[in-house]
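The primary structure of each chain is shown beneath.
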Amino acid sequence: MTSPQSTKTTCPYCGVGCGVIADVSPGGRVAVRGDQDHPANFGRLCSKGSALGETVDLNDRLLHPEIGTERTSWDAALDLVAARFFETIAQHGPDSVAFYVSGQLLTEDYYVANKLMKGFIGTANIDTNSRLCMASSVAGHKRAFGTDTMPGCYEDLERADLIVLVGSNLAWCHPVLYQRVAAAKEKRPDMKIVLIDPRRTMTADIADMHLPIKPDGDVALFIGLLKYLADTGAIDETFITVHTSAFSDALRTAQAVDPVTVIERTGLSHARLRDFFALFARTEKTVTLFSQGVNQSSSGTDKVNAIINCHLATGRIGKPGKGPFSVTGQPNAMGGREVGGLANALAAHMEFDKVGDRERVQRFWRSPTIAAKAGPKAVEMFRSVADGRIKAIWIMATNPVVSMPNAEDVEAALRNCPFVVVSDVSAKTDTIRHAHVKLPAAAWGEKSGTVTNSERRISRQRNFLPLPGEARPDWWIICEVAKRMGFEAAFNFTSPSEIFAEHATLSAFENDGTRDFDIGAFCDISREDFDTLEPFQWPRRAGQGSRPRLFGDGQFYTPDRKARFVPIELENAHRAPSAFPLTLNTGRIRDHWHTLTRTGKSQRLSQHYGEPFVEIHPEDAARHEIKDADIVRVSTGSSAILVRALISARQQLGSIFVPMHWTDQYASKARVDTLVPPVVDPISGQPASKNAAARIERFVAETYGFAVLARKPEHIDAEYWALAKCDGGWRVELGFASARADWASFAEALFGAPRASETVAFDDGQSGRYRFACYCGDALVGALFLATEPVAVSRDWATGQLAAPHSHDTRFKIIAGRPGAGGADKGATVCSCFGVGANEIAAAARMGCCTVAAIGETLQAGTNCGSCRAEIKAIIEAQNLEAAE
């Protein structure tokens, strides 16, 4: 038997940047495992990374260029894009065109896109979906350090004695880092972990202290901490004097905030504040890790600097186990920052407002022009599309109709824009349906280049699959358009290694050490050396090794080489309007990613949560007469969504949480960013996605439904529906405002059954219960269950029937909606990695498996990515409580 072909590459999900090994069998099947040699993960993977092999199929792939709805040639599509951009610029100037790019691009893609827009078209009208993710961290780093520099490395999380997690559900959003932290704490039980988050997320289960802070209370908390550190003598006066500036200004501003205000703004008691402040003050080796709960705020940049101020005041930066740590959300958000993918930055961490930088970049590129000023940030960019200032836009590898705030207005802007180009791997997204030209891009596994993770580590993504159809790498597409616009000499690249070499050369160009980003060691890298490039951290200057930590020597990248304290003032307190009394928080869940274009293909990843939901505190649910599994209408004014109710005491009273992932491709009305207003941080331009005034009400459904289908339906005629991949087909949750006179016809349309099929049915019109099962031969085509209450059918068992054979004697058993005698129902999936259900875990607990480790030994649950361990623990505790009663 021929052995699988193995390729070392990098995971395409979050900013941890895990190394993976892709094994491709002779038949083309892809299996993925962790790379034990990669220093980001040492072989660990999360549930999403483990399921990557399930996501590389060609279903719904864009495989050929299209103009309008018609397939066309690459030459015709590229000629049209170049001509329309050229004509628009000629008629309306360079500011009339724009690129909106993505942290899903490789660095080489990003580099040529930025070079074309800023150096050859001559405008900074290029921004990225990374603006929605980490722009506030960028702005905070620049204010404090003079550059966008991440000081530490992942090892610091294992060497710290205290980890403060701020606005980070590490267990679900960066599970491999969570695993590293959990393993370190297991070895050193004295290590302390503090979670600062309005929700009691699954990460809280590893925390020694959870501070359920009010939304956006972080600035007040860290202002209070700075004052406490100074008042108790916990500051490092030597470090402050020698290596920083403006401490007295920052402290004066902090001292103006009285303790009562800190208590009011944070919602934390005096005792809780005192305990946290004292713990931070006495623990020298402290890492403060922060993520979207900090960044996605109208005060996000101030939050970042309030955190950094406390580390500067104690001298805890750039040394093992010490420092502020921004963990990024996308696989190459950092690479985009390095090449100038943000509208307010130049390539290689050079800046519009630094003397000589613009001229230096233009001279290196030998470009006819250079952007004179920063361009519009993401929210402003789409406003410019809406009001006609931008008349042609090229969107690459992102889905702004789902992910941008005020998403309905973004969609309207694209619908009315004269010329929209979309490069994507998927033929069906909420954004690509508005494209005049669709360009098929290479996907993960098909493209080659580099990405940079949260600890400044550059790794290779390598191709191990052939390009399908006519798909091409993004760098190639951009360069071909650039050539057609008359810039052939500057974009005559033949491989990503050549682009990487130019990127490295620019980073070292006239760099005397006053710029942080320098990978000049790779200026002359050959294609062969690029192919075998090992992961490394920047800076990597010519003739020097990498530096895992920066600023340990007290030298920063400001003109005086000192770090800057930033005086932080509290914003005025916001009062929610009485009509919208709840605070809407949005974010990610464990097994899904962005807008489902990749994870939505995996049945394994769709088991944990198969539909959009709103997490509600029990008291808020009771106040609004909402029960678990009700369908809920969430609104913030002119827009509303429909999602399932999930009632949980982990949610803070007065707040609700809705995940960001669901799109019009997977649900009837669940794009949560249609509810998020376009409020942004005034410095970073990052949208405030976690603090919108909202209200909830029960959606009155006369009929609820659940279905399993062998084929994906093209249309579902229901007010509420949510679609999820399952083994052998699809599962659908349904809700109807009114009952139908002919449910049989609805079932037939939903099943899309062939003529030779046979349907069996159960009909109890008096109780409102209807059930249909359709077969073609021995195969189940579809089953539909309807009731006046949320349908009580085992989802796991029902989806399993799609792959099972069904004789004539057993067909009516499907109508029962549950396993027959001797059948097993494993319950809702808890461990996606091994497909272990809640009922299986509960049964094992009743049989004496009383610890998470024991469950792992018996069922394997929780032994891979570990992000389900908190849920396993909760099931065990529930069984123990039940046994004690």
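Now for a description of the structure that goes with this document. (Residues numbered from 1 in each chain as written. Predicted model: local features only at pLDDT ≥ 70, side-chain atom pairs only at ≥ 80, totals over all residues. Heavy atoms only, no water.)

Before going further, it helps to spend a moment on the overall build of the protein chain. A count of helices and strands for the protein chain gives 29 helices and 34 strands. Reported as C-alpha extents along the three principal axes, the dimensions of the protein chain are approximately 80 × 70 × 60 Å. For the protein chain, restricting intrachain contacts to residue pairs at least 6 apart in sequence, the fraction spanning at least 24 positions comes to 71%. Roughly 31700 Å² of accessible area belongs to the protein chain as shown, and the carbon and sulfur atoms make up 50% of that amount. (Helix = DSSP H or I, 4+ residues; strand = E, 2+ residues; numbered from the N terminus. Contact = heavy atoms within 4.5 Å. Areas by Shrake-Rupley, 256 points an atom, 1.4 Å probe, with all protein chains shown as cover.)

Along an α-helix, residues three or four positions apart point the same way, because every turn accommodates 3.6 residues. Helix length check: helix α7 (residues 175-187), at 13 residues, gives a terminal C-alpha distance of 18 Å against a target of 18 Å (1.5 Å per residue), a fit within 8%. Those residues of α7 that sit buried are P175, V176, L177, Y178, Q179, R180, V181, A184 and K185. Where the residues of α7 are buried, they touch α5 (155-159), β8 (162-166), α6 (170-173) and β9 (192-196). (Expected span 1.5 Å × (residues − 1). Buried < 20%, exposed > 50% of the residue type's maximum accessible area, 1.4 Å probe, protein only.)

Moving on, we get to empty space enclosed by the protein. Rolling a probe over the atoms, with the probe sized like a water molecule, indicates the empty space that remains. A complete count under the given rule lists seven cavities of 30 Å³ or more for this structure. In this structure, the largest cavity encloses a volume near 80 Å³. What lines the largest cavity is a set of 13 residues, and nearest its centre among them are C11, C14, V16, C18 and C46. Counting residues per element, the ones that place at least two in the lining of the largest cavity are α1 (47-50) and α7. Grouping the constituent residues of the lining of the largest cavity by class yields nine nonpolar, three polar and one charged. (1 Å grid on protein atoms, 1.4 Å probe; cavity = no way out; pocket = protein on both sides within 12 Å on 5 of 7 lines; lining within 4 Å. Points joined across faces, edges and corners; volume = space filled by probe spheres on them. Nonpolar A, V, L, I, M, F, W, Y, C, P; charged D, E, K, R; others polar.)

This brings us to the sheet that holds strand β23 (residues 631-635). Strand order in the closed barrel made by the six strands is β21-β25-β22-β24-β23-β26, with mixed pairing throughout. Within this sheet the neighbouring strands show an average axis-to-axis angle of 45°, counted without direction. Here five bridges tie strand β21 (residues 582-587) to strand β25 (residues 655-659), and the two strands are oriented parallel to one another. The residue of β25 that forms the bridge with G587 is P659. (Pairing = 2+ DSSP bridges. Axes fitted to C-alpha atoms, helices over the stretch in contact; angles between N-to-C directions.)

Another aspect to go through is the pairing of strand β13 (residues 323-326). With burial as the criterion, each face of β13 is covered, one bearing G323 and F325 and the other bearing P324 and S326. Pairing of strand β12 (residues 286-290) with β13 involves four bridges; the strand directions are parallel. When the bridges of β13 are listed, V287 appears paired with G323.

This paragraph deals with the environment of K377. Along the chain, K377 falls in the loop between α16 (357-365) and α17 (378-386). Taking the relative accessible area as the measure of exposure, K377 reaches 24% and is therefore partly exposed. Separated by 360 residues in sequence, K377 and G17 place their C-alpha atoms 26 Å apart. If near-sequence neighbours (up to four positions away) are discounted, K377 is found in contact with D127, R131, A343, N344, I683, S684 and G685.

Attention now moves to the sheet that holds strand β29 (residues 729-736). Spatial strand order, β28-β29-β27-β32-β31-β30: six strands in an open sheet with antiparallel pairing. Since the sheet does not close on itself, it has two edges, and those belong to β28 (720-726) and β30 (758-764), each with one partner. For this sheet, the mean angle separating the axes of adjacent strands, direction not counted, is 10°. The pairing of strand β27 (residues 703-709) with strand β32 (residues 779-787) spans six bridges and is antiparallel. Counterpart to A707 in the pairing with β32 is L784. In the packing of helix α24 (residues 743-751) onto the sheet, the strands contacted are β27, β29, β31 (769-776) and β32, and the crossing angle to β32 comes to about 140°.

Turning next to the pattern of salt bridges. Summed over the entire model, instances satisfying the criterion amount to 64 salt bridges. Between R484 and D75 there is a salt bridge, and its shortest N-O distance comes to 2.8 Å. Of this pair, R484 sits in helix α20 (residues 474-484) while D75 sits in helix α2 (residues 74-92); the two residues are 409 residues apart in sequence, bridging distant segments of the chain. Two residues, R795 and E733, come together in a salt bridge whose shortest N-O distance is 2.8 Å. On the criterion of sequence distance, the pair formed by R795 in helix α25 (residues 795-800) and E733 in strand β29 is long-range, its members being 62 residues apart. Assessed through its relative accessible area of 2%, E733 is described here as buried. (Salt bridge = Lys/Arg side-chain N within 4 Å of Asp/Glu carboxyl O.)

Membership of the largest hydrophobic core comes to 93 residues, with the highest contact counts inside it found for I616, V634, I656, L734 and L784. Not counting chain neighbours up to four residues away, the residues in contact with L734 comprise Y704, G705, F706, I716, A718, Y720, W721, F746, L750 and L784. L116, I370, F419 and A482 belong to the second-largest nonpolar core, a separate cluster that totals 64 residues. (Core = buried A, V, L, I, M, F, W, Y, C linked by side-chain atoms within 4.5 Å.)

What follows covers the side chain of E108. Structurally, E108 can be placed in helix α3 (residues 107-121). Buried charge E108 goes without a salt bridge, the closest partner of opposite sign being R460 at 6.6 Å. For E108, the contacting residues outside a window of four places in its chain are G449, T450, W475, P496, I499, F500 and F530. (Lys, Arg positive; Asp, Glu negative; His and termini not counted.)

This brings us to the packing of aromatic side chains. The final tally for this structure, using the stated rule, is 34 aromatic pairs. Pairing F85 with F99 gives two aromatic rings, centres 6.0 Å apart and planes at 55°, and the pair type is tilted. Taken as a pair, F85 in helix α2 and F99 in strand β6 (residues 97-101) lie far apart in primary sequence, 14 residues in all. You can call F85 buried: its relative accessible area is 1%. When the centroid spacing of 5.4 Å and the interplanar angle of 45° are considered together, the rings of F500 and F530 count as tilted. A residue pair is termed long-range when its members are at least 10 positions apart, and F500 in helix α21 (residues 496-508) and F530 in helix α22 (residues 527-531) qualify at 30 residues. Across the pair, F530 and F500 agree in class, each one buried. Of the aromatic side chains, those joined through ring pairs into one cluster are F222, Y228, F276, F277 and F280. Sitting above the plane of the W538 ring, R456 keeps its charged end 5.7 Å from the centroid. Between the NZ or CZ atom of K712 and the centre of the ring of Y666, over which it lies, the distance is 5.4 Å. (Phe/Tyr/Trp six-rings, centres within 6.5 Å; stacked < 30°, edge-to-face > 60°. Lys NZ or Arg CZ within 6 Å of the ring centre and 35° of its normal.)

Structurally, K690 is set in the loop between β25 and β26 (692-698). A polar contact of 3.3 Å, which involves the side chain of K690, links it to the side chain of N585. Only 2.5 Å separates the side chain of K690 from the backbone oxygen of T586, close enough to count as a polar contact. When near neighbours in sequence (up to four residues on either side) are disregarded, K690 contacts Q292, G293, Q296, T583, L584, N585, T586 and G587. (Polar contact = N/O pair within 3.5 Å; in protein donor to acceptor, adjacent residues only side chain to side chain.)

The subject of this paragraph is unusual backbone geometry. The linkage connecting W538 with the following residue, P539, adopts the cis geometry, with an omega of 5°. Mapped onto the elements, P539 comes out in the loop between β19 (536-537) and β20 (563-564). Backbone geometry places F42, a non-glycine residue, at a positive phi of 50°. What makes F42 partly exposed here is its relative accessible area of 44%. A positive phi angle, near 65°, is found at D216, a position not held by glycine. A relative accessible area of 25% places D216 in the partly exposed class.

A few words now on the pairing of β32. For β32, the tally of buried residues reaches eight of nine residues, placing the bulk of the element in the interior. As paired strands, β31 and β32 are joined by seven bridges and run antiparallel to one another. Paired with A773 across the strands is A783, a residue of β32. The antiparallel pairing of β31 with β32 creates a hairpin that spans two residues between the two strands, and G777 there sits at a positive phi of about 65°.

Now for the environment of H38. Relative to the helices and strands, H38 resides in the loop between β3 (30-34) and α1. Owing to a relative accessible area of 3%, H38 belongs among the buried residues under this scheme. Not counting the four nearest positions on each side in its chain, H38 is found in contact with G17, G19, R457, S459 and P535. In terms of polar contacts, H38 uses its side chain to reach the backbone amide nitrogen of A40, at 3.1 Å.

Nothing here speaks to function; it is all geometry.
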